[in-house]
Amino acid sequence: AGVQPSSAGAGPPNLRHGQQNTAMAIAWVFPGQGSQKVGMAEALLSIDGTRERFAMASELLGRDLLAICQGESGGGDGPDDLNDTRNTQPALFVIESVLADNLQQQGREPALVAGHSLGELVALYSTGVFGLETGLQLMKTRSELMASAGGGAMTAVIGFDRAQLDDLVAATDGVSIANDNSDAQVVISGAPEAVQSVSEALKCKRAIPLAVSGAFHSPFMAEAAKRFAAELDNVPFMDARVPVLSNSAASASTSADDLKQRLKQQMTTGVRWRETMAAMTDSGVDIVVEIGPGNVLSGLAKRSMSGVTTAQIGGAEDLGQ
C-alpha cells in the first residue's frame, strides 16, 4: 500500500472519458493507499454490480466492507477503520475494479495501464491478467501480510535536492526510497530512527511523517514479500491485453511471467512512479485517466508530464450514468 501524500492538480471538470479523440494515447492509472476517504463508495452505489462486489469482498473478509467505507462498523472480528490497510486495500480494489469494468463495458480500452502500489493489482485485473475472485483474494492476502509486518516508519519529503537525498539514503542503514513519486516528491521508508535521521538532515520544503503501520516498499517487508510470492506461485496469470507499467520495473510488458515476477518484487522495492510517468510520455500518452477516488496521480501527472490532459473517474456521474 504505497502512500500518496499530495493531491493537488485536478483535471478539467467537464472532461468526460467519452470525449476522446481516437488519435490520442490514453493511459489508465489506479491510485493506492492515501486516496481512500470515508464515503468514497457513495458515488458508485447506483452502478449495477457495485453492492454485489462489496458483498463478495465482505464475505471473503468476514466483515462488512461497504459499511466500513461509510464510516460504520463492519461487524465481525476484523478492524473497522477504513485507514487500516486490511480494509483500505480491498476497498480500493473493489471501487477501482467496478469503475474499470464499467469503462470497458462502454467499449473503452487504454493504450497503457499503471497502478500505484495496490493499484498495480487493479491494473493487472483490468487487463485480464487474473479474474475478480483471484484479485480480491490476492488483495486480502497482501493487506494482511503487510499489516503484520509492522515496526517501521514512512515520511514524505517535498521540495528537495535529489543528489543530497540519494547520498543520505546511501549513507544511512535501514532507510530506502519507497515511493519515487516525482522530481519534487518522494516517500522514504524504513527503521524509524533512520527515517528521522534522513528527513532531519535533508534540506527540503517539508517532511511529513505518515500515519502508517509499517515501512511499506522497503526491506522491512521481506518476510511478507516472500510469503506473498509463494501465494503468487499458485495463481495462474494470463498475458495482459494492454501493456502494463509495473512499480518495480517502469517498462511496459504484457507477458504473464514478467508481470508476476515484477509483482513479487513490488513489496520490497520502491514505487517508481516518476519513471512510470516518463515512460508514459515516451510512449506518446497525452491523456491520463485516474480511476478511483481523488486526484493524487492526476496532480503528479499535471506537474510532471508536459502538455498532458488529466481526468478523474470516481463514480457513476463521471461515467455518464
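Residues numbered from 1 in each chain as written. Predicted model: local features only at pLDDT ≥ 70, side-chain atom pairs only at ≥ 80, totals over all residues. Heavy atoms only, no water.

Turning to the sheet that holds strand β10 (residues 309-313), a few remarks are in order. Strands in a sheet are paired, the pairing made by backbone hydrogen bonds, and the direction either parallel or antiparallel. Read across the sheet, six strands follow the order β8-β7-β2-β1-β9-β10 without closing on themselves; strand pairing throughout is mixed. One side of each edge strand has no neighbouring strand; the edge strands of this open sheet are β8 (252-253) and β10. Against the sheet, helix α11 (residues 296-304) makes contact with β1 (25-30), β9 (285-291) and β10, and its axis sits at roughly 180° relative to β10, the strand it touches most. (Pairing = 2+ DSSP bridges. Helix = DSSP H or I, 4+ residues; strand = E, 2+ residues; numbered from the N terminus. Contact = heavy atoms within 4.5 Å. Axes fitted to C-alpha atoms, helices over the stretch in contact; angles between N-to-C directions.)

So, on to the pairing of β10. Pairing between β9 and β10: five bridges, direction parallel. Following the sheet pairing, Ile287 is matched in β10 by Thr309.

Further remarks concern the packing of helix α5 (residues 132-148) against helix α8 (residues 222-233). Running from N to C, α5 and α8 point in directions that differ by 165°, and their axes come no closer than 9 Å. In terms of axis orientation, α5 runs roughly antiparallel to α8. Crossing angle aside, the handedness with which α5 passes α8 is right-handed. Touching Gln137, Leu138, Thr141, Arg142 and Leu145 of α5 are Ala224, Arg227, Phe228, Glu231 and Leu232, all from α8. The residue inventory of the contact of α5 with α8, partitioned by class, reads five nonpolar, two polar and three charged. (Parallel < 35°, antiparallel > 145°, perpendicular 65-115°, else oblique. Left-handed = near helix turned anticlockwise from the far one by under 90°. Nonpolar A, V, L, I, M, F, W, Y, C, P; charged D, E, K, R; others polar.)

Right, let's get into the sheet that holds strand β6 (residues 204-209). A sheet is described by the order of its strands in space; here four strands give the open sequence β4-β5-β3-β6, paired in antiparallel fashion. Each edge of the sheet is formed by a strand with only one pairing partner; in this case those strands are β4 (175-182) and β6. Ignoring strand direction, the axes of neighbouring strands in this sheet form an average angle of 20°. In terms of strand pairing, β4 meets strand β5 (residues 185-190) through six bridges, oriented antiparallel.

Once that is clear, we can look at the side chain of Thr88. Mapped onto the fold, Thr88 is located in helix α3 (residues 85-105). Only 2.6 Å separates the side chain of Thr88 from the backbone oxygen of Leu82, close enough to count as a polar contact. Once you skip the residues sitting within four places of it in the chain, Thr88 turns out to touch Gln33, Gln36, Leu82 and Asn83. (Polar contact = N/O pair within 3.5 Å; in protein donor to acceptor, adjacent residues only side chain to side chain.)

For helix α1 (residues 50-61), which comprises 12 residues, the first-to-last C-alpha distance of 17 Å matches the rise-based estimate of 16 Å (1.5 Å per residue) to within 8%. What α1 keeps buried is the set Thr50, Arg53, Phe54, Ala57, Ser58 and Leu61. Down the axis of α1, the buried side of the element spans an arc of 140°, and every buried residue falls inside it. For α1, the exposed residues lying more than 90 degrees away from the buried face are Glu52 and Glu59. (Expected span 1.5 Å × (residues − 1). Buried < 20%, exposed > 50% of the residue type's maximum accessible area, 1.4 Å probe, protein only. Arc of directions from axis to C-beta.)

Its location among the elements puts Asp101 in helix α3. Asp101 gets classed as buried once you look at its relative accessible area, which sits at 13%. Here Asp101 is in contact with Arg53 and Tyr125, once residues within four sequence places are set aside.

What follows covers the pattern of salt bridges. Across all of its chains, the model carries eight salt bridges by this definition. For Glu144, the salt bridge identified is with Lys140, shortest N-O distance 3.1 Å. Remark: Lys140 and Glu144 occur in helix α5; sequence separation between them is four residues, near one turn of the helix. Its relative accessible area of 35% is what places Glu144 among the partly exposed residues. Across the salt bridge formed by Glu275 and Arg272, the nearest N and O atoms sit 2.7 Å from each other. Through salt bridges with shared partners, a single network forms among Arg162, Asp180 and Arg274. (Salt bridge = Lys/Arg side-chain N within 4 Å of Asp/Glu carboxyl O.)

Assignment of secondary structure puts Ala201 in helix α7 (residues 192-201). With 33 residues separating them in the primary sequence, Ala201 and Leu168 have C-alpha atoms 8.0 Å apart. Contacts of Ala201, omitting those with residues within four sequence positions, involve Gln164 and Leu168.

So, on to the confidence of the model for the protein chain. Summarising the model, the protein chain shows a mean pLDDT of 91, and 93% of its residues fall at 70 or more. Below a pLDDT of 50 lies the segment residues 5-22, which in the model reaches 42 contacts outside its immediate sequence neighbourhood of four places, other chains included. (pLDDT = per-residue confidence, 0-100.)

In terms of nonpolar packing, the biggest core is built from 68 residues, with Trp28 and Phe237 touching the most fellow members. Looking at which element gives the most residues to this core, the answer is α3, with nine residues. Ala27, Val285, Leu300 and Val308 belong to the second largest nonpolar core, which has 17 residues in total. (Core = buried A, V, L, I, M, F, W, Y, C linked by side-chain atoms within 4.5 Å.)

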